Amino acid sequence: MHHQEDPELAAVLAVLLLVGITLIARELAGLWPAVAVGMGPVLAVYCGPPAARRIAVAVEIRRFRRRLAAHDRTAG
């Protein structure tokens, strides 16, 4: 049997799972932990790549500045 990708079905299932997990978490842990559980994955997917990119750029800038400072100390 040939399986075709269906992005709409995948999105609907993801939303249903997210809502279901959030409702279960609300009953088990309360409102705010449920909000954190429900919104955590959404925010991670939405904000994760740009945040990781910013962190990587900041690390490289820091390394470059340290390399320049070390070069200035040895040259001067």
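Report follows, based on the coordinates. Since we're looking at a predicted model, the values are computed, not measured.

Conventions and cut-offs
Residues numbered from 1 in each chain as written. Predicted model: local features only at pLDDT ≥ 70, side-chain atom pairs only at ≥ 80, totals over all residues. Heavy atoms only, no water. Helix = DSSP H or I, 4+ residues; strand = E, 2+ residues; numbered from the N terminus. Rg over C-alpha atoms; globule rule 2.2 N^0.38 Å. Buried < 20%, exposed > 50% of the residue type's maximum accessible area, 1.4 Å probe, protein only. Areas by Shrake-Rupley, 256 points an atom, 1.4 Å probe, with all protein chains shown as cover. Salt bridge = Lys/Arg side-chain N within 4 Å of Asp/Glu carboxyl O. Patch = residues over 30% accessible without salt bridge, like charges linked within 9 Å, V, L, I, M, F, W, Y side chains within 5 Å.

This part is about the overall build of the protein. The helix and strand tally for the protein stands at two helices and zero strands. Its C-alpha atoms give the protein a radius of gyration of 22 Å, more than 25% over the compact-globule value 11 Å for 76 residues. Taken along its principal axes, the extent of the C-alpha atoms in the protein is 65 × 45 × 15 Å. In the protein, which comprises 76 residues, the proportion classed as buried is 4%. Approximately 7,000 Å² of the protein is accessible, and the part contributed by carbon and sulfur atoms is 69%.

What follows concerns the pattern of salt bridges. Inspection of every chain in the model, using the stated rule, returns one salt bridge. Taking the shortest distance from any N to any O, the salt bridge between E60 and R63 comes out at 2.9 Å. In this pair, E60 and R63 are both assigned in helix α2 (residues 31-75), three residues apart and thus about one turn of the helix distant.

Residues L31, W32, V35, M39, V42 and L43 make up a contiguous nonpolar surface patch of roughly 610 Å² in combined accessible area. Residue placement: W32 occurs in helix α2. Exposure remark for W32: the relative accessible area of 65% places this residue in the exposed category.

With respect to the helices, strands and loops of the structure, L13 is situated in helix α1 (residues 7-29). When its relative accessible area of 45% is taken as the criterion, L13 is described as partly exposed. With 14 residues separating them in the primary sequence, L13 and E27 have C-alpha atoms 21 Å apart.

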